[in-house]
Each structure stands twice: as structure tokens, then as C-alpha cells.
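Coordinates in review
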Amino acid sequence: MTVILNNNQDLEKPSLINKTQYWNDDSAEARNMSVKIETKGLSIFFGEVRAVKNVSIRIASNRVTAIMGPSGCGKSTLLKSFNRMNELVLNSRIEGEVLVDGNNVYAKDYDAIELRKKAGMIFQKPNPFPKSIYDNIAYGPRIHGIHNKIELDKIVEENLKKAALWNEVSDRLNTSAMDLSGGQQQRLCIARALSVEPEVILMDEPCSALDPISTSRIEELMRDLVEEYTVIIVTHNMQQSARVSDFVAFMYLGELIEYGPTRQVFEKPLNKLTENYLTGRFG
């Protein structure tokens, strides 16, 4: 038997994922996949509150993985653990491990700045810098020591094209990014994240503040980005999960309830909680 996968899924790399109690797969063993990020027994605390509870998950390279669940279930907290954003919150701590390319990013000698370069974050509300469109994209490369204008021009153009924004702004790169529409600002933020050559794009409800047309553009962009990047999106929008993701994880009250190929989870959920959420009984 084979795994039921979403569109554009041809996973041929060595098997790095094991069948688990929450792994939803219709084959005897999980299908081959290459893993970019793995958590082992991850719990995240804010003071005495445990927001994420003993989560072990493996995220496939060059695929879109959606983390969904009702508000307050811990999905954004889990996402932010992948680039150590949670440690910026007072009284936060973790138990367990987060591995990126097999390396524990919470090890004492792991550079958080390099991690955040490798795993860029796109937030719920577009947050362009109050600078020109050009300077928004060039900011990161400059921080990392690139100052040659020819090189910066190339970086700006390449990444605006990757974010499907170049044709809309190429004649006004020196105007303020704040003059762009909400959807354009979000794509600009994606281009800005791409400008420092990340390997992972983390998206926390990236379309919740956007109109349907802008949402469609961002969703198309996600599918394009997996040719070069691993994309992880947090969303409460089940339809969006079904449209864009290859794999989906369902969380509830801080726990990982079910995880597997998107079509398999949506069509044949293993857990009654997953089924109830997908059918609108709660959430």
C-alpha cells in the first residue's frame, strides 16, 4: 500500500520518519521522507504554564507542513520554537530538543542569530520596516556584510521576483514600503526573509489579515517556495491547510493529536478529536 499524498508529492529520499501513535499513514510503515526539523519530547513553559506538551514531530524538507488547531492550542508556540523566538519571552523555558539538520538548536554553543537567518519568520500582520522597498530587502544582507550596490541590486531583484512582487514594484523601489497594500506588504516581508538565504520559512497565520485575492497570491507563493525552501505554516483555516500543505499536524490543548499526509488526515482521521475539529464540532 502507498501513502495518500497531496499534489506534487514524490518523496524519494531515505526514510527518516517512524510510525508513531499519532502518525496517520495508510501503509504499514511511513513513506520515505527527508527531515529538516525534528522535535523530541518538546515541552515549552511560560512560567508555570506548559503551552506545548511533550511534542515529537519530524518536518519534511522542501514541503509545506501546516500546523492547525483551535486558538490557544500551542501551534504558534511550537512554530516559534523552531527559531528560538520563544526565548525572547520572559520566564519561558523548554524541555526536550529541537533539531535542525540533526543539530540541537538549544545547545549552549548554537548561535541563535545564525538560526534565525536559517529559519525566517513571517508574522500574522505584515511588518515592513518604515523604509523604502529597496532598503527593506537590502537590510538583512547589509547586516551580514554585503554593501556592494551591484550585489545588493541583484539580491533585491531576485528576491522580489521569488515573492512574486517584482513586476508590481520594480519602478518604485525607492518609495516607502508603507505605501504598499496589505498583501503586497506581506509578500515584501517574505522577500525580506528570503534575502538572507534561509532554508526554512516559518509563517504564523500569514493570511489572516489579508483579503481573499491577496490570500490566494500568498498560497500560490507557498507552493512555489518549496522548490527551494521548507515551509511551515500555522493556520486555523482548515481550507487553507487542505489547499496548500503536503503534511498537516493537528494540535489540541498543547498536544500533538495527529500528523500525516494532508489528504490522509482530512479524509481518514485516526483520532476522534481530529474528526470533530475537521467537521466543525468545535474550534
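Up top is the structure these notes are about.
Description of the structure in this document.

So, how was this worked out
- Sequence order sets the numbering: in each chain, residues are counted from 1 along the sequence as written.
- Note on the predicted model: pLDDT of at least 70 is required for a residue's local features to be given, and 80 or more for side-chain atom pairs to be given and counted; whole-chain, interface and lining totals, by contrast, use all residues.
- As a rule here, side-chain values cover all heavy atoms of the structure and leave hydrogens and water aside.
- Numbering of helices and strands runs from the N terminus; a helix is a DSSP stretch of H or I covering at least four residues, while a strand is a stretch of E covering at least two.
- Throughout this description, a polar contact denotes any pair of N or O atoms lying within 3.5 Å of each other; where both atoms belong to protein, one of them has to be capable of donating a hydrogen while the other can accept it, and for residues adjacent in sequence the pair is counted only when both atoms sit in side chains.
- Should any heavy atoms of two residues lie within 4.5 Å, those residues are considered in contact.
- Relative accessible area decides the class of each residue, using a 1.4 Å probe on protein chains only: under 20% of the type maximum gives buried, over 50% gives exposed, and in between gives partly exposed.
- In this tally, Asp and Glu contribute negative charge and Lys and Arg positive charge; neither His nor the terminal groups of the chain are included.
- Any carboxyl oxygen of Asp or Glu that lies within 4 Å of a side-chain nitrogen of Lys or Arg is treated as forming a salt bridge with it.
- Here the rule is simple: two strands pair whenever DSSP picks up at least two bridges between them.
- Axis definition: a line fitted to C-alpha atoms, limited for helices to the stretch in contact. Angles are taken between N-to-C directions and run from 0 to 180 degrees.
- What counts as a ring pair is set by centres within 6.5 Å for rings of Phe, Tyr and Trp (its six-membered ring), and what kind of pair is set by the plane angle: stacked under 30 degrees, edge-to-face over 60, tilted for all other angles.
- Put simply, a charge is over a ring when the Lys NZ or the Arg CZ is close to the ring centre, within 6 Å, and near the line of the ring normal, within 35 degrees.
- Definition of nonpolar core: a set of buried residues of the types Ala, Val, Leu, Ile, Met, Phe, Trp, Tyr and Cys, connected through side-chain atoms within 4.5 Å.
- Relative orientations are named as follows: roughly parallel for angles under 35 degrees, roughly antiparallel for angles over 145 degrees, roughly perpendicular for angles from 65 to 115 degrees, and oblique for any other angle.
- We call a crossing left-handed when the near helix sits turned anticlockwise from the far one by less than a right angle, and right-handed when that turn is clockwise.
- Three residue categories are used. Nonpolar comprises Ala, Val, Leu, Ile, Met, Phe, Trp, Tyr, Cys and Pro, charged comprises Asp, Glu, Lys and Arg, and polar comprises the others, including Gly.

With that settled, the discussion passes to the side chain of serine 81. As for its placement among the helices and strands, serine 81 is situated in helix α1 (residues 75-81). A polar contact is formed between the side chain of serine 81 and the backbone oxygen of leucine 78, at a distance of 2.5 Å. Setting aside anything within four residues of it in sequence, one finds serine 81 in contact with Leu42, Ile44, Asn86, Val98 and Tyr106.

Tracing the chain through its elements places leucine 152 in helix α4 (residues 149-162). On the accessibility criterion, leucine 152 (3% relative accessible area) is buried. Not counting chain neighbours up to four residues away, the residues in contact with leucine 152 comprise Tyr134, Ala138, Pro141, Arg142, Ile146 and His147.

By the element assignment, aspartate 204 lies in strand β7 (residues 200-204). An unpaired buried charge is present at aspartate 204: no salt bridge exists, and lysine 80, the closest side chain of opposite charge, is 4.2 Å distant. A distance of 2.8 Å separates polar atoms of two side chains, one belonging to aspartate 204 and the other to serine 76. The contact partners of aspartate 204, leaving out residues within four places of it in the chain, are Ser76, Leu79, Lys80, Met121, Ile122, Phe123, Gln124 and Val234.

Our focus in this paragraph is the sheet that holds strand β6 (residues 119-122). Reading across from one edge, β6-β7-β8-β3-β9-β10 is the order of the six strands in this open sheet, with mixed pairing throughout. Strand pairing shows two members of the sheet lacking a second neighbour, β6 and β10 (255-261), which therefore form its edges. Taking each pair of neighbouring strands and ignoring which way they run, the sheet shows an average axis angle of 15°. Across six bridges, the pairing between strand β9 (residues 247-252) and β10 is antiparallel. Looking across to β10, one finds that methionine 251 is bridged to leucine 256. This element, helix α6 (residues 182-194), spans β6 and β7 of the sheet and lies at about 170° to β6. Helix α7 (residues 212-225) contacts β3 (64-68), β7 and β8 (230-235) of the sheet and is inclined by roughly 150° relative to β8.

Two modes of strand pairing occur in sheets, parallel and antiparallel, and in both the strands are linked by backbone hydrogen bonds. Strands sit in the order β2-β1-β4-β5 across an open sheet of four strands; the sheet is antiparallel. A strand with exactly one partner marks an edge of an open sheet, and here the two such strands are β2 (49-60) and β5 (103-104).

In total, this model carries three aromatic pairs according to the counting rule given. Measuring from centroid to centroid gives 4.9 Å for phenylalanine 129 and tyrosine 139, while their planes differ by 65°, and the two rings are edge-to-face. With phenylalanine 129 in the loop between β6 and α3 (133-143) and tyrosine 139 in helix α3, the pair connects residues that are 10 residues apart, well separated along the chain. By relative accessible area, phenylalanine 129 is classed as partly exposed at 26%. Taking the ring centre of phenylalanine 45 as reference, the NZ or CZ of arginine 93 above it sits at 4.0 Å.

Ile133, Leu160, Leu188, Ile190, Met203 and Leu225 are the most contacted members of the largest nonpolar core, which totals 43 residues. Considering every element that reaches this core, the biggest residue donor is α6, with five residues. Filtering out sequence-adjacent residues up to four positions away, leucine 188 remains in contact with Pro128, Ile133, Asn136, Ile137, Leu160, Leu165, Ala177 and Leu180. In this structure, Val52, Ile57, Val100 and Val105 belong to the second largest nonpolar core, which totals 30 residues.

Taken as a whole, α3 has its buried residues at Ile133, Tyr134, Asn136, Ile137, Ala138, Gly140 and Pro141. On its buried face, α3 is in contact with α4, α5 (166-169) and α6. One or two steps after α3, the chain reaches glycine 145, where phi turns positive at roughly 95°.

Below, the discussion takes up the packing of α6 against α7. The geometry of α6 relative to α7 is characterised by a closest axis approach of 9 Å and an angle of 20° between their N-to-C directions. On the basis of the axis angle, α6 is roughly parallel to α7. Along this stretch, α6 crosses α7, giving a crossing that reads as right-handed. Note on element contacts: α7 touches α6 through Ser214, Arg217, Ile218, Leu221 and Leu225, opposite Gly183, Gln186, Arg187, Ile190 and Leu194. Taken together, the residues of the contact of α6 with α7 sort by class into five nonpolar, three polar and two charged.

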